[in-house]
Structure formats: structure tokens, C-alpha cells
Amino acid sequence: MLKIEGLTAEVDGKPILNGIDLEVPAGGIHAIMGPNGSGKSTLSYVLAGREGYEITGGSVTFDGIDLLALEPEERAASGLFLAFQYPVELPGVGNALFLRTALNAIRRHRGEPELDAMQFLKVARQRMQALSMPEDMLRRGVNVGFSGGEKKRNEVLQMALLQPRLAILDETDSGLDIDALKIVAEGVNALRAPDFSALVITHYQRLLDYIVPDRVHVLMGGRIVQSGGPELAQQLEASGYASVQAAA
Amino acid sequence: MTAPLHTGAEGFLHRFDGLRTRLPGARLGWVQQLREQAAESFRAQGFPTRRAEAWHYTDLRQVADAGFDEPLSILGAAKTLPAPHGAWRAVFQDGRFRDDLSSLDAAPFVAASLAAGLGTLEDRLGALARPAAEPMAALNTMLFEDGLVVTVPAGVAGGVLDLLSLGSATDRPAAFHPRHLIRLEAGASLTIIETATGPAQARYLHNPVYEIEVGEGATLTHVRLQQESPRAFQLGTLYARVAAGGTYDNFTLNAGGKLVRNEIHASLDGPKATCHMNGAQLLRDGQHADTTTVLDHAAPDCASRQTYKTVLSGRSRGVFQGRIHVHQVAQRTDGYQMNQALLLSPEAEIDSKPQLEIYADDVKCSHGATVGEIDADQLFYLRARGIPEPKARSMLVEAFLAEAVEVVQDGAARAALEAAVNGWWEAAA
């Protein structure tokens, strides 16, 4: 589903990604772990199409399509979803309007009929209940005045509504207490299907207790230095990244 | 030695010489005197130039050089009017009252043509306007032909009144100078939704002056939708005086016109009076819009709020000048002023000049100004959710304006304003 080959990228002339090779098959849940500054967030932004990153080499295909040639909205419409590490506040943009505009943009792309305000509310309420989100979060500005946990839940709500085929979760666990963490994990697990894949980016092993990955990759210095099964995450938790560094 | 006047100013003075015996009120000594004094002021000053501090950012040369005629006689032909927002409506075409298009008879307040009732207005006409200080008010005083006079009796809830100004497309551009007098007696209330518009090709100068008196405990909501023809000029000067416990709530949308100025002089004259002056300027390539406010806190315990937002695209230019003068007597003044600009193009320009003069010691007064572009992180966030870039941009511009629009409390006024903002967007897209 997602195939990254020899990907290199720079920010302001400084190399951050130094040749990433990674393949996530349909239905696969892969985790990427690594210390701060290893390039985890850069990788997620490059995949989602944020400006300010210069791709200097390599390729990324999504279902065989050249992902890097697409605009951010086209990537989203093709089924890619980035759950932001720091969800952006949009004062003056109502959360309900935002969610419905996004959902209808994606539905249009898929050739599905758009939802009117009533139809949307019905769908949104169901999803919000599952995430234990109070309904007034629909009426507020997008992420404005939301606590850290509420922002992350709002990300998962967007994911649940947009039904992506590939979700990239960029440190979605950071700033969450254990109850919120479980809710978020349940939100992701609910999407698990043979044609749903996820790339779970995290600093800690904690989230991977709840979203159990098929594969774990260790990113250091802009390269994947080690890959293994779920047990690799536990090993890292016990011995730290320094041991990997030494081994690499 | 006086500097030679611009052609336009000479033209207007010539016109006054020719018309002085035929203008409304020509046989009323006090009207004549007002006009002659105004003509003297205008002769001395001409059109303001950028050397005048109040006009430093707005160059009137294109208005002064244009050359205008007085409007032609009104033709009886029915106009297609925009849908009204309220139950009562006053319609002006080229500054002249159209009795046939207006509906005011059943209103719980008195509203009529200024020209028709001039004889009774000696205490009101010119009570607030300062032609000696403001050249555009001098031009208005010299040449006004008509206007709307509204009196809401004490305690009466007046409802919603539409004030519609239509400019006409004519071979030679016309200038009109309506004078509107609005008075709310103690405890009265009224909402005025004013729309100024004209056909797309019409070139004219609309130079209105307002004298507004808000009595004790009265509330006037005044929404002005400036949607003039893209070739037209509007230079409006508004004077408002608010008595104790009264509220004047002004919102001005500057969306049309080639060059426009919204100049407001408001005075809080009695304790616990309130003034809201808010607005939005939505500017496209080639437009120039100026909002200039002068607010006098002349009594204790008064509050004022100003929020102005300007969105600029293409080679447009916006101006905001806001002066707050807190007199020594105005203890416990609560003043707030914010003006923000969103630049959508590298060629757009905004000039912003807040000025606070505070002579009282127990005062809470704050002001702020920001200029920015669309936030790249916000734009990316929306696009990353599948929202196409043009739609994402329009959502962020609407969000930028939301804070200014939300302050309009009156339902009818708010709906009219939102429709006008959406209309601007649809035309812009």
C-alpha cells in the first residue's frame, strides 16, 4: 500500500531524512520509534505534503501512485490521513463546519453524495459518543480552547469520519493520560480492516500496548536502523535507544 | 496667498454659485447662512490633500479631478430594489428621496424627506457637523438637496428601518450630498440597515453626512453596507452624540467603490453611554478604503469598543485611523480598539494609525493592531483534511472576519451583513 524507497529530504538545506526504505502492506500496522530529532515528524509531514521540506531523492508510492506529486488535499482525498502531533487551532472556524467541509470534500472525491447539516450531525454524534467527546466540541472553534487530550481526540474523530486507508499517527499519545490513550487506541483499532493500514509514530512504547503493531522500525539520524516485531518496542523501552545506536 | 483649487473644488463652487437661489431652504435665512459659511470653508480648504494630517493616507486627487454634475431629474421608472430587511424603508436615488419607492407611513416613528421638512429643522441641521473642520462636510452643507430625517419618540421601539441609496449610471458622473438627521429620544430604540449601491458601470460621488443623536437610555443599531459601484466614490462623514446610558452601535462594511472613506466622529456625552464602532473592509484590486474614527469620551463611566478588520487582495489599499480622546472628566472610561488586516497579496497595503489621548487618570484603555498573511500551518491543516486550497483560504478569511461580524447583535442586521460578506466572496471567487 505504502512504499518508501531511498527517501531523502532537507529543511533549510539541512538533511533530515537520509534514505528511508519502508513498505507498509494493506492491513498492516507499523510503528516507527525513535529519539527526538531522529526525523519522525519530518517523515510524517513529507508524506502528508507540508511545504518547507525539500525532497532530494527517493520515491514514495501510495497504491502505486506517486504520492509526492500530489497536493496535500489530493493525498487526503486518496485516503491518506495525518493525525497531527500538534493539532492546529482555527479560531473562527466552527468545528462542525470544518468536519463537514472535510468529509464532503472527501466524499465528493469518492463519488459519494455530500451530507447535509442534519445527516452530518447524525454521523458525527455517533462517532463522538464512541470517543467520549462532549457534543459541545462541535460548536466550538476547531481545537480552540481544547485541552491536549481533547485535541488528540478531535484528530481521531476526524480520522473516524474520513475513513482513510492509511493513517499516520504522529505522536498521538503525547500529552494523553491513560484513559484518553485507551480511547484513542480504540478509535484506531475500530478502523482495523484488511484495507486499512497505519503508521504509528511514537517516542514511547506505551501506545503500542493498545495499538499492537505487526512491525516496529527504529528511526535514527534520518534512517531506519532496525526493524522487528512488537517485541522490539519492549526491548527499546527496557534498554533505551542508546543500545540500538551502539548496535547500529 | 491661497493655493489654487483643484478643478473639482472649483466646479463645486461654481455649481453652488449657480444653484444657491434654487437649493432647498434658499428662502430660509439660517439655511442660507449655513451654506454660505460652508462654501467659505470649502473655498478656503478645497478638497483635502495629503498634507492634511487627517487625509495623509488617502489621496483624493482622482475625486477632485473627476468633475461631477448634479444628478439629473429623477425618472419615475420603477427600480428593482433589493429585498428589504425590515418593515420600513426609505429609498434615495442619487441622493433624492423616492417617495414612490419608500414605505414609512405605518412606522411607529417619524421619518420623512429632509427637503420637504427643512423649515422645522433649524435646531438639528448642523447641530453636530463641523464644516469648518471637515472639508467633505463643508461640501455636503454647501450642496445638500435632501436626506432622511428620523425621529423616534421617547420609549418607542422603532424596529428595523432600511435606508437604501441608489446611484445611477449617467453619461456624466453625478455628485450627491445627502444629509441624514437621526434622533432617538430617551429610551427609544431603532435598527437602521443602510445599503449604498449602484450599477456596475456607474461613476458617481456619494458624499453623505449624518447627524445622529442618541438620547438617554436609547439604543441605535446602525449597519452600513457600502456596496457602491466599483467605479464610484463614497466619502461619508458621520457625527454621533450619545447621551447618558445610551448606546450607539455602528457597523460599517466597506466592500464596494473605487475609493471610499468612512469617517466617524462620535461623542459619549453622558455618564454610562456606550459606543461600538466595528467594521470590515473587503478590498479587491484597485480599491482604496479608509476608515477613520474619532471617539470622544466626554463623560465618566462610558465604554467604547472598536474592532475593524480589513482583507486586502490584488493591488488594494486600506487605511485605518482611530483616535480616542479621553477627556479629563471621563473617569472610569473603558475603551478598547483593535484593528487587524489580512494581506492576501504582496502588492496590497494597509496603513494603520491608532492614537490615544488620555487626560483622565482612572481609565482602562487598550488598543492593538496586527497585519498578517494567511497562516501557513492553518492552511496546511485544512488541506491535509482534503479541503481544496481555494476553499481552505476562503474559510480562513471568513474566520478572520468572524470576530468583527459576531459583534453585531441584532438578528436582521447580522443576517444582512453575513449575506453581504458572502456575496463579496462569491463575486471574488
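About the criteria used
Residue numbers restart at each chain and count upward from 1, following the sequence in its written direction. Chains carry letters from A onward and ligands carry numbers from 1 onward, assigned in written order. A pLDDT threshold of at least 70 governs which residues receive local features in this predicted model, and a stricter bar of 80 or more applies before side-chain atom pairs are shown or counted, although totals over entire chains, interfaces and linings include all residues. No hydrogens and no water enter the side-chain calculation; it runs on all heavy atoms of the structure. If DSSP finds at least two bridges between two strands, the strands pair. Each helix is a run of H or I in the DSSP string that is no shorter than four residues. Each strand is a run of E no shorter than two, and both are numbered from the N terminus. Residues count as neighbours in contact if any of their non-hydrogen atoms are within 4.5 Å of one another. Here an angle of 0 to 180 degrees is reported between the N-to-C directions of two axes, which are lines fitted to C-alpha atoms, with helices fitted over the stretch in contact. Here the quantity called buried area is the total loss of accessible area, with a 1.4 Å probe, experienced by two parts when brought into contact, counted for both. By salt bridge we mean one thing: a side-chain nitrogen of Lys or Arg within 4 Å of a carboxyl oxygen of Asp or Glu. Under the rule applied, a polar contact is a pair of N or O atoms within 3.5 Å (in protein, one hydrogen donor and one hydrogen acceptor; residues adjacent in sequence only if both atoms are side-chain atoms). As a working rule, the residues Ala, Val, Leu, Ile, Met, Phe, Trp, Tyr, Cys and Pro are called nonpolar, Asp, Glu, Lys and Arg charged, and the rest polar, with Gly in that last group. Any residue under 20% of the maximum accessible area for its type is buried, any over 50% is exposed, and the rest in between are partly exposed; the area is computed with a 1.4 Å probe on protein chains only. Side-chain atoms within 4.5 Å are what join buried Ala, Val, Leu, Ile, Met, Phe, Trp, Tyr and Cys residues into a set we call a nonpolar core. We call a pair of cysteine sulfur atoms a disulfide whenever their separation is within 2.5 Å. UniProt positions are given in the numbering used here, feature names are shortened, and annotations may be inferred rather than shown by experiment. Between the first and last residue of a helix there are one fewer steps than residues, each counted as 1.5 Å, and that sum is the expected span. Values of bend correspond, residue by residue, to the angle between axes fitted over the seven residues ending at that residue and the seven starting there. A pair of Phe, Tyr and Trp rings is counted when the ring centres sit within 6.5 Å of each other, with Trp represented by its six-membered ring. The angle between the planes then sorts it: under 30 degrees is stacked, over 60 is edge-to-face, the rest tilted. Sitting over a ring, as applied to charges here, requires NZ of Lys or CZ of Arg to be within 6 Å of the ring centre and within 35 degrees of the ring normal.

Enquirer: Could you clarify how one ought to interpret the sheet that holds strand β8 (residues 189-197) of chain B in this entry?
Expert: Residue and element names in this part refer to chain B. Overall, mixed pairing links the 10 strands, which are arranged β2-β1-β5-β8-β11-β13-β15-β17-β19-β21 in an open sheet. If you trace the sheet from one side to the other, it starts and ends with β2 (96-97) and β21 (363-372), each paired once. As paired strands, strand β1 (residues 88-93) and β2 are joined by two bridges and run antiparallel to one another. Along β2, the bridge assignment pairs F92 with F97. Strands β13 (247-254), β15 (274-283), β17 (303-312) and β19 (333-343) of the sheet are contacted by helix α6 (residues 389-406), whose axis makes an angle of about 160 degrees with β17.

Enquirer: Please clarify how the interface of chain A and chain B should be interpreted in this entry.
Expert: One frequent convention defines the size of an interface as the accessible area lost when the parts assemble. The interface is formed by 31 residues belonging to chain A together with 17 residues belonging to chain B. Approximately 1,900 Å² of surface area, both sides summed, lies buried where chain A meets chain B, with 67% of it carried by carbon and sulfur atoms. Here chain A and chain B share four salt bridges between them. The tally of links from chain A across to chain B stands at 11 residue pairs in polar contact (both at pLDDT 80 or more). Residue assignment for the side of chain A that touches chain B shows that the elements contributing at least two residues are α1 (40-48), α2 (72-77), β6 (80-83), β7 (90-94), α3 (95-110) and α5 (148-162) of chain A. The element that contributes the greatest number of residues to the side of chain A that touches chain B is α3 of chain A, accounting for six residues. Along the lines of polarity and charge, the residues of the side of chain A that touches chain B split into 20 nonpolar, five polar and six charged.

Enquirer: Mind showing me how you'd approach the pattern of salt bridges here?
Expert: A pair can form between side chains of opposite charge whenever their charged atoms are brought close. Inspection of the entire model under this criterion finds 39 salt bridges over all chains. Among the ionic pairs, E71 of chain A bridges to R383 of chain B, the shortest N-O distance being 2.6 Å. One end of the pair, E71 of chain A, is in the loop between β5 (65-66) and α2; the other, R383 of chain B, is in helix α5 (residues 376-383), on a second chain. Judged by its relative accessible area of 5%, R383 of chain B is buried. With a closest N to O distance of 3.3 Å, E349 of chain B and R317 of chain B form a salt bridge.

Enquirer: Looking at this model, I keep getting lost on the nonpolar core. Mind explaining?
Expert: Inside soluble globular proteins, nonpolar side chains tend to come together where they are buried. Core analysis: the biggest nonpolar cluster contains 114 residues, and I4, L47, L90 and F98 of chain A together with L253 of chain B have the highest contact counts within it. In terms of residues, this core owes the most to one element, α6 of chain B, which gives nine residues. Residues contacting I4 of chain A, with those up to four places away along its chain left out, are I20, D21, L22, L43, L47, S59 and V60 of chain A. Core analysis: the next-biggest nonpolar cluster, separate from the first, contains 38 residues, V214, A218, L268 and C275 of chain B among them.

Enquirer: What's the story with the side chain of T42 of chain A in this structure? I'm lost.
Expert: All names here are of chain A. Locating T42 in the fold gives a position in helix α1. The class for T42 is buried, based on a relative accessible area of 12%. The residues touching T42, leaving out its near neighbours within four places in the chain, are I16, L17 and Y53.

Enquirer: What is the right way to look at the state of the cysteines in this model?
Expert: When the sulfur atoms of two cysteines share a covalent bond, that bond is a disulfide. The full count for this structure, using the stated rule, is zero disulfides over all chains. C275 of chain B forms no disulfide, and the closest cysteine sulfur to it belongs to C302 of chain B, at a distance of 9.8 Å.

Enquirer: Sorry, what's going on with the UniProt feature "domain: SUF system FeS cluster assembly SufBD N-terminal" (unreviewed entry) in chain B here?
Expert: The feature "domain: SUF system FeS cluster assembly SufBD N-terminal" (unreviewed entry), as given by UniProt, occupies residues 28-70 of chain B in the numbering adopted here. Within residues 28-70 of chain B, the helical portion is 49% and the strand portion 0%, while the C-alpha atoms at the span's ends are 22 Å from each other.

Enquirer: I'm lost on the sheet that holds strand β1 (residues 2-11) of chain A in this one. Help?
Expert: Picture the strands of a sheet paired through backbone hydrogen bonds; they go either parallel or antiparallel. Residues and elements named next belong to chain A. Spatially, the four strands line up as an open sheet ordered β2-β1-β4-β5, and their pairing is antiparallel. Edge strands, defined here as strands with exactly one partner in the open sheet, are β2 (14-24) and β5. Relative to β2, β1 runs antiparallel, the two sharing eight bridges. Looking across to β2, one finds that K3 is bridged to E23. Sheet strands in contact with α1 are β1, β2 and β4 (54-62), and its direction is about 110 degrees off that of β1.

Enquirer: Can you help me understand the environment of A360 of chain B in this one?
Expert: For A360 of chain B, the location among the structural elements is in the loop between β20 (349-358) and β21. Beyond its immediate stretch of four places on either side in the chain, A360 of chain B contacts V326, H327, Q328, A330 and Q331 of chain B.

Enquirer: Looking at this structure, I do not really get the side chain of T252 of chain B. What am I missing?
Expert: All names here are of chain B. Counting through the fold element by element, T252 comes out in strand β13. We classify T252 as buried; its relative accessible area is 3%. Here the side chain of T252 touches N250 through a polar contact of 2.9 Å, side chain to side chain. Leave out the neighbours within four places in its chain, and T252 touches R224, N262, N278, G279 and A280.

Enquirer: Can you help me understand α6 of chain B in this one?
Expert: Residues separated by three or four positions in an α-helix point in the same direction, a consequence of the helix having 3.6 residues per turn. Between its first and last C-alpha, α6 of chain B extends 25 Å over 18 residues, near the 26 Å set by a 1.5 Å rise per residue. Of all bends in α6 of chain B, the biggest is about 30 degrees, found at F400 of chain B.

Enquirer: Explain the packing of aromatic side chains to me, please; I cannot follow it from the model alone.
Expert: Two descriptors summarise a pair of aromatic rings, namely the distance from one centre to the other and the angle between the planes of the rings. The tally for this structure, following the rule as stated, stands at 14 aromatic pairs over all chains. Their ring planes at 55 degrees and their centres at 5.4 Å tell us that F92 of chain B and F97 of chain B sit as a pair that is tilted. Judged by relative accessible area, which is 2%, F92 of chain B ranks as buried. With a relative accessible area of 17%, F97 of chain B lands in the buried category. One aromatic cluster is present, formed by Y45, Y53, F84 and F98 of chain A together with F380 and Y381 of chain B through successive ring pairs. In this structure, R50 of chain A packs its charged tip against the face of Y45 of chain A, placed 4.3 Å from the ring centre. A cation sits over an aromatic face here: R261 of chain B above W55 of chain B, 3.5 Å from the ring centre.

Enquirer: How should I be thinking about the environment of V326 of chain B in this particular structure?
Expert: Residue and element names in this part refer to chain B. Along the polypeptide, V326 turns up in strand β18 (residues 317-326). Here V326 falls in the buried class, since its relative accessible area comes to 0%. Once residues within four sequence positions are removed from consideration, V326 is found in contact with H297, T333, E357, I358, Y359, A360, V363 and C365.

Enquirer: Help me out: how do you make sense of the pairing of strand β11 (residues 219-227) of chain B in this one?
Expert: All names here are of chain B. Burial of β11 is extensive: seven of the nine residues sit out of reach of the surface. As paired strands, β8 and β11 are joined by nine bridges and run parallel to one another. In the strand pairing of β11, A196 is matched with Q226. Here β11 runs beside β13; their pairing, made up of eight bridges, is parallel. Across the sheet, the residue bridging to T219 is T247, located in β13.

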